[in-house]
Amino acid sequence: MSTLFIFLLLIALMLTGMPISIALGLTVLTFLFVMTTVPIESVALKLFTGIENFEIMAIPFFILAGNFLTHGGVARRMIRFATSMVGHWYGGLGLAGVMACALFAAISGSSPATVIAIGSILLPAMVEQGYPKRFGAGVITTSGALGILIPPSIVMVIYSVATGGSVALGPNGERVLSASVGQLFMAGVIPGLMLATLLGVTTFYRAWKNDYPRLSRADWAERIKTFRECIWGLLLIVIVLGGIYAGWFTPTEAAAMSAVYAFVIAVFVYKDMTLKDVPRVLLGSANMSAMILYIITNAVLFSFLMTSEQIPQQLTSWIIGNGVNWVTFLIFVNVLLLLAGNVMEASSIVLITAPLLFPIAVKLGIHPVHLGILMVVNMEVGMCHPPVGLNLYVASGIAKMGITELTIAVWPWLLTMLMFLVAVTFIPEISLWLPRMLGML
């Protein structure tokens with residue numbers, strides 16, 4: 001009864017148009033006042049202790065690093081390098097867009113930031129070269145979603161935080177820890193590269209089929225020159241992933257290092273930013289960080305309520321008792337997350353659903369890292385379809401296209417992403433092979 005009340009109240013509040021974060025907080029307060037004897041002081045305590053998590057500090061640092069790189073000319077240099085490598089193929093500028101999005105994703109951690117950084121430069125160039133605007137917008141909108149799959153990823157950090165410190169019982173009663181940020185980052189490398197390749201194949205096929213223009217082939221001198229120009233940005237990938245794997249620093253320390261490094265190369269190396277621009281970037285990053293941290297705070301409260309009412313344990317017992325196997329469960333998870341993607345943004349979905357799904361998945365023998373990557377890929381799909389796909393709105397502003405027209409434009413790539421989601425769901429080794437090879441599992 002209490003479970004039904006909690007979720008009906010949450011859904012009712014969200015249907016009023018109330019922000020997700022406030023709806024979560026009000027649901028908790030209403031339930032505590034009406035249906036429990038839990039002291040209300042515990043809410044205030046949980047608000048402060050809930051975000052006393054070292055890994056949460058990675059979020060504002062990655063946001064700051066991404067904003068420095070977006071304003072610091074790194075994206076433009078990556079586009080030039082990608083164009084010199086694949087611009088002579090069918091749909092060359094589109095393929096360069098996929099490649100540039102993949103490279104920028106590996107240093108930003110955010111899908112909207114990737115769409116803005118690459119799309120604002122590449123989309124006008126594609127239209128000028130004779131590509132249909134729909135084609136260019138479809139490429140950038142979907143390829144920008146790589147920002148949360150290729151590490152570092154803010155959504156992976158949020159998943160780790162949402163399940164952090166949790167211990168669930170496996171199929172044989174063994175204790176299973178939640179996934180760490182480092183494990184998730186390494187697990188995202190292979191799926192990220194695979195999805196980038198599949199999006200590139202889709203782009204190439206559509207360009208070949210419609211005979212879209214190609215650029216002249218760049219010589220190796222030009223390729224080496226453009227690579228040298230963007231090498232400072234690409235080194236950030238080595239700093240973050242290499243540093244985490246080598247044990248030089250934790251993911252949070254890697255985020256701090258990336259923010260400092262991004263500031264140095266944007267202001268002192270590339271000099272596309274001046275010191276006068278820094279306060280504006282800091283303020284924008286603070287605004288975005290505050291928004292995400294506020295959502296996390298209220299989601300922690302909601303998680304506290306579910307734990308105190310033993311809702312995850314009740315759901316686990318009910319699912320196991322009804323003989324649901326891991327295949328049926330994963331199909332249900334995909335449907336649930338795709339439906340949630342219609343009405344909520346990625347971080348809210350992960351924060352609400354991950355604490356519920358984690359103990360059930362572990363009990364069915366599903367690895368926490370596999371579940372995490374599965375959720376991230378679902379969030380990618382959700383960012384690219386209406387009505388609240390964030391990438392759609394960002395790309396709509398850049399391309400000056402309506403949401404309906406843009407939704408039609410992204411369908412070929414969105415279908416590719418859905419097929420990839422099926423593969424990630426039922427082939428766990430896509431996510432688990434690399435971290436297992438590196439001895440992280």
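Residues numbered from 1 in each chain as written. Predicted model: local features only at pLDDT ≥ 70, side-chain atom pairs only at ≥ 80, totals over all residues. Heavy atoms only, no water.

Identification of the protein chain as TRAP transporter large permease protein from Afipia carboxydohydrogena is taken from an unreviewed UniProt entry. The heading Subunit (unreviewed entry) in the UniProt record of the protein chain holds the text "The complex comprises the extracytoplasmic solute receptor protein and the two transmembrane proteins." Turning to the protein chain, the UniProt annotation filed under Subcellular location (unreviewed entry) states: "Cell inner membrane". (UniProt positions renumbered as here; feature names shortened; annotations may be inferred.)

(A) Quick peek at helix H8 (residues 133–143). Counting buried residues along H8, nine of its eleven residues qualify, which places the element largely inside the surrounding structure. Within H8, the full set of buried residues consists of Phe 135, Gly 136, Ala 137, Gly 138, Val 139, Ile 140, Thr 141, Thr 142 and Ser 143. In this structure, the buried side of H8 is in contact with helix H6 (92–108), helix H7 (111–128), helix H11 (189–210), helix H19 (390–399) and helix H20 (403–426). (Buried < 20%, exposed > 50% of the residue type's maximum accessible area, 1.4 Å probe, protein only. Helix = DSSP H or I, 4+ residues; strand = E, 2+ residues; numbered from the N terminus. Contact = heavy atoms within 4.5 Å.)

(B) Looking closely at the pattern of salt bridges. Summed over the entire model, instances satisfying the criterion amount to seven salt bridges. Residues Arg 77 and Asp 272 are paired through a salt bridge, measuring 2.7 Å at the closest nitrogen-oxygen approach. Highlighted residues: Arg 77 in helix H5 (residues 74–86) and Asp 272 in the loop between helix H13 (251–269) and helix H14 (278–308), separated in sequence by 195 residues. Residue class for Arg 77 comes out buried when judged on its relative accessible area of 11%. Taking relative accessible area as the criterion, Asp 272 reaches 31% and is therefore assigned partly exposed. Through salt bridges that share partners, Arg 76, Arg 77 and Asp 272 make up one connected network. (Salt bridge = Lys/Arg side-chain N within 4 Å of Asp/Glu carboxyl O.)

(C) Region of the structure containing the packing of aromatic side chains. Applying the stated criterion across every chain, the model contains eleven aromatic pairs. Summarising the aromatic geometry, the rings of Phe 81 and Phe 227 are spaced 5.5 Å apart at their centres and angled 55 degrees between planes, so their arrangement reads as tilted. Taken together, the positions of Phe 81 in helix H5 and Phe 227 in helix H12 (residues 220–246) put the pair 146 residues apart, joining distant regions of the chain. The rings of Tyr 131, Phe 135, Tyr 212 and Trp 413 are connected pair by pair, giving a single aromatic cluster. Above the plane of the ring of Tyr 90 lies Arg 214, whose end atom (NZ or CZ) is 4.2 Å from the centre. A cation over an aromatic ring shows up here: Arg 223 above the ring of Trp 220, its NZ or CZ 4.6 Å from the ring centre. (Phe/Tyr/Trp six-rings, centres within 6.5 Å; stacked < 30°, edge-to-face > 60°. Lys NZ or Arg CZ within 6 Å of the ring centre and 35° of its normal.)

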